[in-house]
Amino acid sequence: MMRGIWDRETVALLLLAALMPLALAWLWYGGIEAAGRLALTLLVSGLWHLIFMLARAQPPSFAGALTALAVAMLAPEDLGIFRLVMGISFGTVMGELVFGGWGRNVVNPATITLAFLGFGFPAAPWPDFVLPVAWAAIPAAGLGILLGVISGRIIAGALLAALLAWAIPGGAWPAGLEKVLPVAWIGLILLVCDPVASAATRPGRWGNGLLYGALIVLFATGWDGGAPVQITVSAALLASLAAPILDEAAIALWRARRHRALARKTEDTSWLT
Amino acid sequence: MLSQLMQAGLNPTVRSAPLTGGEPVEHWTEEAAVLPQHREHLRVDMVVREGEAVAGGAPVARLRDHPEIALVAPMPGRVAKVHLGPGRQLHEIVLFRDAGGDMRRHDTQAAGAGDGSALRTLLQDSGLWRQFRARPFGRMPAPGAVPAAILVMAADSRPLAPNPLAMLEGRGEDLMRGLAALGHLTEGPVYLCQRRGPALAGPGAVEGRLRLLRSGPRHPQGLAGHQLHHHHPASVEAPVWDIHAEDVADLGTLLETGLRPALRTVSVTGPALSEARLLRCQDGAHLAGLCHGLTVPGPHDLVSGSALDGHRAVWLAPRDRQLSVMTHHHGAPRGHWFRNALSRAARPVPLIPTAALEQALGGALPAVALLRALSAGDDETLAKLGGLTLLEEDLALADYVTGAEPRLSALLRGALDRIAAEEGA
């Protein structure tokens, strides 16, 4: 009888609200140039949502703004408007809208856009972040967890991976990892924690975070000449692609454990499917 | 781990005047009806005709396919109106109350002595059989069916539900007798689910087969589906029944005295009431009669059941113990045609996995996987993830939290009907 309000758009707006500290800090330090990039990405993303609304009757979503924000922050610089527009178009359309919009997509469209731009135009320089922007991602993560739209388990898994990378060599960061960490942290909040494209089971989320962290460590120590953002985007893409199989494994594990627990409880398994 | 499970869930607030404690007020409504459960199809043969007088508890109709199962009059009175659909499908049988009439007395000697088949006959003849619900599929069990386990619910976490422990105060012996009788219906365990407080019964109550389950304070911990999901999942070969503890105590009284108690405890709450009440009324009571004089001015809806999982109704549904009086909304405003076209083209709306969604299923199931299987119509995965133990009411909270369209509970009903047809059940 009663209806709640937690539909797709509410969740998208809550996510946007949670990311506000990060976005505002980035705009504050990026100035007019950052604002211009954000305006462009918002425009293009909104345009594609409009086109799909008219052509395919797909309701537009505030999730488009999430994609636009992540792309504006992490896309390579000096691409020129045309390439940037092409990248966002590819990511938004092929990553999200052709699947039926936010909530049905497989990989975060921003991750796809950034991977597309990174592989397509390897010569373009990747952006740098001043440290306060990375600090601003902490309240963003806290807000997201508090509002229930970001999973604390993914973040905990990634932090655990970082802790292991720090502790195993005996309390020191492996060479090359330290300068990647702030960007990896921003990427974790912006790209990996997307509730749709990340794992949806509890163990799967731990695995998703751990995998992301492990990939960051691997790329940071083994990838010569990889820029921090490039490393982050590659790790986010691979971690996101692995999310379904992590979920599948978690469910298989859950079923096996449940079967065993119930069998022990009743000592009669004939009724179990 | 355990305490985490106990804490999982959400308690949505339903605006209502507070339900003050104290004894429930006895309240007979002048009209009451014999009716099927929501979406239940009962083909019946009438035993009485319109205008005839019946004793309370006397059969007014019997099932066509299983004539041993009787539908009984909830109170002494006169049959006012019989409303049958095509194929003698029961819509409702309305009765007027006769305050001076008598109640039907049953012969309980054989059933009380521990004879299983006599007990079944007694249950089916007295109408108490209808209080059982078999999972999977959530139907009244067939007369000869033997469950793998029975769950007695002495907990209810639905918003503003009456407290089952209060209903059982002073009825300890009746409950014990009822529980012992349930032991003759199944070879398996009998579960008793209650919240905190001293245990209502020990394992000895059912020849050492009684298991006590503790439910947490939050919804949906106090729903039979979630308890069974943890402790004894149902399958087609091994169905599990559930029944409310008050009905089990009624069974105990019936065995002792030969009279089935006619009244049950019902809470009358909701945003359109000036005052909430705890009543004791008969089965199938007239809902308008229950809240007469309590409603605030303006249009309102009478909902049999809780605000989450109830249905708009005229009569109290057979298993419900709540009347929710909701403010009437004149439907959604019609909206622009373009907006409507957009929102309808996108159905089923995608589910975004959030913490709220996980809590709405009690935090134990792989919630998102289950709901995705449901909205994709993947019945096999649904059954693998434990969907056969669930019924509509178990997903009502997820519906509330997500505003899903179409309703997840409706999707579950569709999936269960498909599985039932496939299994020939």
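Criteria and cut-off values
Residues numbered from 1 in each chain as written. Chains lettered and ligands numbered in written order. Predicted model: local features only at pLDDT ≥ 70, side-chain atom pairs only at ≥ 80, totals over all residues. Heavy atoms only, no water. Helix = DSSP H or I, 4+ residues; strand = E, 2+ residues; numbered from the N terminus. Contact = heavy atoms within 4.5 Å. Pairing = 2+ DSSP bridges. Buried area = accessible area lost by both parts, 1.4 Å probe. Salt bridge = Lys/Arg side-chain N within 4 Å of Asp/Glu carboxyl O. Core = buried A, V, L, I, M, F, W, Y, C linked by side-chain atoms within 4.5 Å. Buried < 20%, exposed > 50% of the residue type's maximum accessible area, 1.4 Å probe, protein only. pLDDT = per-residue confidence, 0-100. Axes fitted to C-alpha atoms, helices over the stretch in contact; angles between N-to-C directions. Parallel < 35°, antiparallel > 145°, perpendicular 65-115°, else oblique. Left-handed = near helix turned anticlockwise from the far one by under 90°.

Quick notes on the environment of Glu68(B)
Then, number 1: Turning to its location among the elements, Glu68(B) is positioned in the loop between β5 (59-63) and β6 (70-72).
Then, number 2: Not counting the four nearest positions on each side in its chain, Glu68(B) is found in contact with Arg62(B), Gln124(B), Asp125(B) and Pro143(B).

Overview of the sheet that holds strand β16 (residues 300-304) of chain B
All names here are of chain B.
Then, number 1: Taken together, six strands build an open sheet; the order of strands is β1-β15-β14-β18-β16-β17 and the sheet is mixed. Two strands lie at the open edges of the sheet, namely β1 (25-26) and β17 (311-312), each paired on one side alone.
Then, number 2: Where strand β14 (residues 263-269) lies against strand β18 (residues 322-327), three bridges are found, and the strand directions are parallel. From the neighbouring strand, threonine 269 faces β18, where its bridge partner is serine 324.

So, the interface of chain B and chain A
Frequently, the measure chosen for interface size is the accessible area removed from exposure when the parts meet.
Then, number 1: The interface is formed by 46 residues belonging to chain B together with 36 residues belonging to chain A.
Then, number 2: For chain B, the biggest contributors to the area lost against chain A are Leu342(B), Pro350(B) and Ile352(B); these three give 16% of the whole.
Then, number 3: Seen at the junction of chain B and chain A, the total is two salt bridges.
Then, number 4: Here Glu358(B) ties to Arg202(A) by a salt bridge, and the two come within 2.8 Å at their closest N and O atoms.

Looking at the nonpolar core
Then, number 1: Met73(A), Leu190(A) and Tyr212(A) are the most contacted members of the largest nonpolar core, which totals 76 residues.
Then, number 2: Excluding residues that lie within four positions of it along the chain, Met73(A) makes contacts with Leu22(A), Trp26(A), Pro127(A), Phe129(A), Val133(A), Ile186(A) and Leu190(A).

Structural notes on the confidence of the model for chain B
Then, number 1: In the predicted model, chain B carries a mean pLDDT of 89, and 97% of its residues have values of at least 70.
Then, number 2: Taken element by element, the predicted model of chain B shows its lowest mean pLDDT in helix α1 (residues 2-7) of chain B (54) and its highest in strand β13 (residues 240-244) of chain B (95).

Topic: the packing of helix α6 (residues 152-167) of chain A against helix α8 (residues 202-222) of chain A
Residue and element names in this part refer to chain A.
Then, number 1: Interhelical geometry of α6 versus α8 gives an angle of 40° and a closest axis separation of 7 Å. In this view, α6 runs oblique relative to α8, as classed from their interaxial angle. When the axes of α6 and α8 are compared, the crossing they make is right-handed. From α6, Arg153, Ile154, Ala156, Gly157, Ala158, Leu160, Ala161 and Ala165 reach across to α8, where they touch Arg202, Arg205, Trp206, Gly209, Leu210, Tyr212, Gly213, Ala214 and Val217.

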